[in-house]
Amino acid sequence: MSQIKVAVIVGSLRKNSFNRRLAQALALLAPKPLVFEEVSIAELPLYDQDADGNEAEPVKRFRIQIQEAQAVLFVTPEYNRSIPGVLKNALDQGSRPYGKSVWTGKPAAVIGVSVGAIGTALAQQHLRNVLAYLDMPTLGQPEIFLQAKDGLFADDGQIGAGSRDFMAGFLQQFTAWAQLYQP
Ligand SMILES: Cc1cc2nc3c(=O)[nH]c(=O)nc-3n(C[C@H](O)[C@H](O)[C@H](O)COP(=O)(O)O)c2cc1C
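Now for a description of the structure that goes with this document.

Rules of the game
- Residues numbered from 1 in each chain as written.
- Predicted model: local features only at pLDDT ≥ 70, side-chain atom pairs only at ≥ 80, totals over all residues.
- Heavy atoms only, no water.
- Buried < 20%, exposed > 50% of the residue type's maximum accessible area, 1.4 Å probe, protein only.
- Helix = DSSP H or I, 4+ residues; strand = E, 2+ residues; numbered from the N terminus.
- Contact = heavy atoms within 4.5 Å.
- Near = heavy atom within 4 Å.
- Polar contact = N/O pair within 3.5 Å; in protein donor to acceptor, adjacent residues only side chain to side chain.
- Areas by Shrake-Rupley, 256 points an atom, 1.4 Å probe, with all protein chains shown as cover.
- Nonpolar A, V, L, I, M, F, W, Y, C, P; charged D, E, K, R; others polar.

Digging into helix α3 (residues 85-95)
If you check which residues of α3 are buried, you get L87, N89, A90, L91, Q93, G94 and S95. If you follow the buried residues of α3, they end up packed against β1 (4-10), α2 (57-68), β3 (71-75) and α4 (121-133).

Points about the site of the ligand
Surrounding the ligand, one finds 13 residues, the nearest of these being S12, R14, S17, N19 and N80. Measuring from an oxygen atom of the ligand, one finds a side-chain N or O atom of S17 at 2.6 Å. Within the side chain of S114, a nitrogen or oxygen atom sits 2.9 Å from an oxygen atom of the ligand. Taken by itself the ligand offers 610 Å² of open surface, and the protein chains cover 73% of this. Residues of the shell around the ligand, tallied by class, amount to four nonpolar, six polar and three charged.

A closer look at unusual backbone geometry
With omega at 5°, the peptide bond leading from R96 into P97 counts as cis. Its location among the elements puts P97 in the loop between α3 and β4 (108-114). Of note, the bond from Q141 into P142 is cis; its omega dihedral lies within 30 degrees of zero at 0°. Not every positive phi belongs to a glycine, and R81 is a case in point at roughly 65°. Here R81 is to be found in the loop between β3 and α3. With a phi close to 75°, T120 is a non-glycine residue in the positive phi region. Following the sequence through the fold, T120 ends up in the loop between β4 and α4. Judged by its relative accessible area of 0%, T120 falls in the buried class.

In structure tokens form, the structure reads like this:
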């Protein structure tokens, strides 16, 4: 089975982000064909249509990193019942200039953890809306809405024992999904 390079985009810039911890724990659990690589969105300037065709270096780098990936995993918190602005900015930066979107056709999955009880459900729904427009086939099931609680992560940084099988199932489904879209 050939490798599938997965660009992991974390929708939080926070140093001790639960979502980054989640992304790192998922990387430890990922089945062999998936190779996770976080693509940072921290250096991206705010999208400005006047810069189309004359993008800043961080934007150029970001676009190349997405182009080189064969799948994308979004790991995001929920901000005010939607996705964080930094994540929307990254999606916009990758989508332009018009006709040159780097997202088109890339298989994707979404997951997230928040402190609230609905565990990023609304953020994920908003994100799915944007990904549909960007023409990214997005894994439908299983949906995973996580609340940051003791035990979610084990001391060694892995997913805690209580959720590990469920997360492994998610990654298996994502692998099968991503494989469908490889040339
Ligand atoms: C601006 C802002 C808005 C937030 N809105 C929500 C929200 O709508 N739902 C929710 O469950 N948590 C919300 N939170 C709390 C986040 O779940 C919490 O800060 C979480 O730790 C963010 O993820 P991170 O640890 O990966 O940075 C919000 C936090 C911030 C800073």
